[in-house]
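Observations on chain architecture
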Amino acid sequence: MVGRRRALGLLPPLLLGLLLGRGLGPRGGCAPSGGPLPLPNHHPQLPPSSGGRDLLFVGVMTAKKYLPTRAAAVHRTWGQQVPGRIEFFSSYDSIPPPNDPLLPLVRLPGVDDSYPPQKKSFMMLQYMWERYGNSYEWFLRADDDVYIRPDKMETLLRSVDSKKAHFIGQAGRGNQEEFGLLSLEYDENFCMGGPGVIMSREVLARVAPHIRYCLKNLYTTHEDVELGRCVQKFAGVSCTWSYEMQTILYHNSSGKEAFTGNLKQKEVHRAITLHPVKQHKHLYRIHNYMQMLKVQELQQDMLSLHRDILSMSQILDIENKMDIFDDSVQFGQPPGLTKYIPKTDKDLIPWDFIQRSLYSAFNANPRRRIDAPLKEGLDDVIREVMEKINKFSKQRGRVIDFKEILYGYVRYNPIHGADYILDLLLLYKKYRGRKMTVPVRRHAYLQQQFTDISIREVLETDEINLNNDPSEDAIEAPGNLPGIKDVFGNGLIKLGGNIPSILFPIATDNSRELRRSDKMINFILPLSGRFEIFKRFMGIFEEECLRNEERVTLTVVLFPNDKEDSVSKTLSLIKMYQENYRYTKIEVLPQFENFARASALEIGASHIEEPNDLLFFIDVDMVFRRGSLQRIRKNTIRKKSVYFPIVYSEFDPIAVFNQTISLNHFLIDETTGYWRQYGFGIGSVYKTDLIEVGSFDTTIKGWGKEDVDLFEKFITASKNISIFRSVDPDLVHVFHIVECDPKLDDVQLRMCQASRADTYGSVAQLTRYIKENHEIFNRFLQKLN
């Protein structure tokens, strides 16, 4: 069974010693020669070290123009967790940025921000030695566009002898155009500056007295090349010749797009440093992801402790004598696929079969594509499995790569977690001794165990400030660091101690709820005939919205109907509501053409004058409760999210209840209806976002297709707006016979006929009907043949 291991991802200390051993040179540290370097302007003044945290000093090279962005982002994220001290080195005329006045800034005298920054780099090293040379074991030179994982860096450095001369980095000899032009001998290299350069105290002691000489004798414009040359000449060591450094100090060659996509990559998980992060906002994103990995590590530690407690309590026979073991009984069971033992066959949890698609015996759609959550879960467990398999691959002289899942099974146990049985196709590569590459198969029995419930309080995707600061800036500041909290410090709260504040919010929480309730929802309702159904809709609208004084408007786009002359009655009914509820805007837009839903919705959306208003497209067949309004407001966020709720659609009440109408439209179970997962006609969106993707295609006439077209536009045309989908038990589509016009085009006609077939009844009801009327069904099949 595979749990989530601690995300260290480092080579064993013995192997690291072998990798770094090439850099050993003769001892002979020299005291600084000449007069001391003029003390730079330094902000703020802090003690050089404290309480045993004297492992590492980090010097970040930055520039005046990057202080409010990159430098501030580094200081607020990984810079807070350095096992030692961090300072930022910039030009003589730099000042701390207004958005981070406590940033520890060093203004180097006589140094500007010109490029290449050779002088800045060498003067920073001299400053490090003269001020902190005897205070830290290791010294790291970093750029302001690198993300460093301090915990993994600490683990690496503590596994290496800092008393010896080590010059650690990703070794380079220049690219193809530079080869032979850097004045390097055949066996010389340099540590590439971008991913970070690490020097032991011994190396810095040997180099520091000669920095002025190195600065006066430059052969190239590359400061990292010249630093490597200086270290080679005066410290007698070169950069670590180790292929593994490319994964430990990772450089992404994608330029400005580096680390802007999916972070669930093995390269990201293995690395100690990530370079370059050119867009400073993505530093916060990467930091949040790394914090989530820490949360997962702590959750795994918690499970391990629960297992130890349960195991010891069983040995001591005290598990039933103290309430303290309640959680351990739940979470402390060892990984296994037999934790849950069903009492009857009805309690069995079915497995879904995986083979390119997902096959389910008890789903209305027995074969469907593997959805995003399951795909992400599979990626996670496979990555963990491969890390465990390859944990000692270097010692064994082989590596095993994942190729594909041949087949597998998955199920979800609501008490314990997700279970997987996977048949994996792997590639075995042996590179030591007799080399070979052969495909192999391996079965994996896996469990992703649930942990205790925790919650994260957010308001419109921005994390709520939990420091009792009720100000608007503290609550809604997505671009400011105070809104980007440490996941453990302010993001995760134990449920047990916070139930009262969640169920009975304090005053500040009420004020936040009021701001959400201030969102105006503009109902847009296309209508053609169907007066009695419209009366029902208006009754519900009155009960749920008007009498509760909800902030809503209603725009009815009214078309004539050939089968029902009810325009005058509809106008009269609307006028009555307008007179009774003058404080709510209720309007009707009469049209004098054939009904087309796409045109109706476009007319209604265009009629809403305020571009930042929230539009809610609804059908007259819908019934709803007040709770759906809050979900619309919460899940529809301007420039961020559109909301297409998955509504519940009733089956034919004659098939279900043997009567023409359901007495309770909100009775939701597997016999009364189904969740319309592939229906997109009901949705909410801000008008500005609707305009951005091109709005509705008014060339679509007749039934359907306009909703699918809009849904696809948000998928393909919008770069920043995500689609939020979730079942809503307060939105129900009342059954009515779907009439499909034979004149519809082929695509629309098939969609209409499929929708009509879905509404008759469930698969179980159809099975029961066939069983009870098998003779009629057999005659029907004979006629088809």
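Overview of the pattern of salt bridges
Under the definition given, this model contains 31 salt bridges. Close ionic contact of Arg383 with Asp380 constitutes a salt bridge, the shortest N to O distance being 3.0 Å. Taken together, the residues Arg383 and Asp380, both in helix α12 (residues 372–389) and three residues apart, mark about one turn of the helix. Using a relative accessible area of 8% as the deciding quantity, one classes Asp380 as buried. Across the pair Asp619 and Arg597 runs a salt bridge whose closest N-O atoms are separated by 2.9 Å. One end of the pair, Asp619, is in the loop between β26 (614–617) and β27 (622–624); the other, Arg597, is in helix α20 (residues 597–607), and 22 residues separate them in sequence.

Digging into the sheet that holds strand β6 (residues 147–148)
Ordered in space as β6-β12-β11, the three strands form an open sheet in which the pairing is mixed. A strand with exactly one partner marks an edge of an open sheet, and here the two such strands are β6 and β11 (249–251). Bridge count between β6 and strand β12 (residues 273–275): two bridges; the pairing is antiparallel. Paired with Tyr147 across the bridge in β12 is Leu274.

A closer look at the state of the cysteines
Scanning the entire structure with this criterion turns up two disulfides. Here Cys191 pairs with Cys239 through a disulfide, and the sulfurs are 2.1 Å apart. Across the disulfide from Cys191 to Cys239, rotation about the S-S bond amounts to roughly 105°, and the bridge is consequently right-handed. A residue pair is termed long-range when its members are at least 10 positions apart, and Cys191 in strand β9 (residues 190–191) and Cys239 in the loop between α7 (223–234) and α8 (245–248) qualify at 48 residues. Its relative accessible area of 1% is what places Cys191 among the buried residues. Judged by relative accessible area, which is 1%, Cys239 ranks as buried. Put simply, Cys214 and Cys230 are joined by a disulfide, and their sulfur atoms are 2.0 Å apart.

Concerning the pairing of strand β33 (residues 727–733)
For a regular strand, side chains alternate in direction, first toward one face of the sheet and then toward the other. Among the seven residues in β33, five count as buried, and that is most of the element. Pairing analysis gives three bridges linking β27 to β33, with the strands arranged antiparallel. Considered in β33, the bridge of Met622 is made with His733. Pairing analysis gives three bridges linking strand β29 (residues 646–650) to β33, with the strands arranged parallel. Paired with Ile646 across the bridge in β33 is Val727.

Description of the confidence of the model for the chain
On average, residues of the chain score 80 in pLDDT, and 82% of them are at 70 or above. The low-confidence segment residues 1–39 (pLDDT under 50) makes 90 contacts with residues lying over four places distant or belonging to another chain. Scored below 50 in pLDDT, residues 42–53 shows 33 contacts in the model against residues more than four places distant or in partner chains.

Basis of the calculations
Residues numbered from 1 in each chain as written. Predicted model: local features only at pLDDT ≥ 70, side-chain atom pairs only at ≥ 80, totals over all residues. Heavy atoms only, no water. Salt bridge = Lys/Arg side-chain N within 4 Å of Asp/Glu carboxyl O. Helix = DSSP H or I, 4+ residues; strand = E, 2+ residues; numbered from the N terminus. Buried < 20%, exposed > 50% of the residue type's maximum accessible area, 1.4 Å probe, protein only. Pairing = 2+ DSSP bridges. Disulfide = S-S within 2.5 Å. pLDDT = per-residue confidence, 0-100. Contact = heavy atoms within 4.5 Å.

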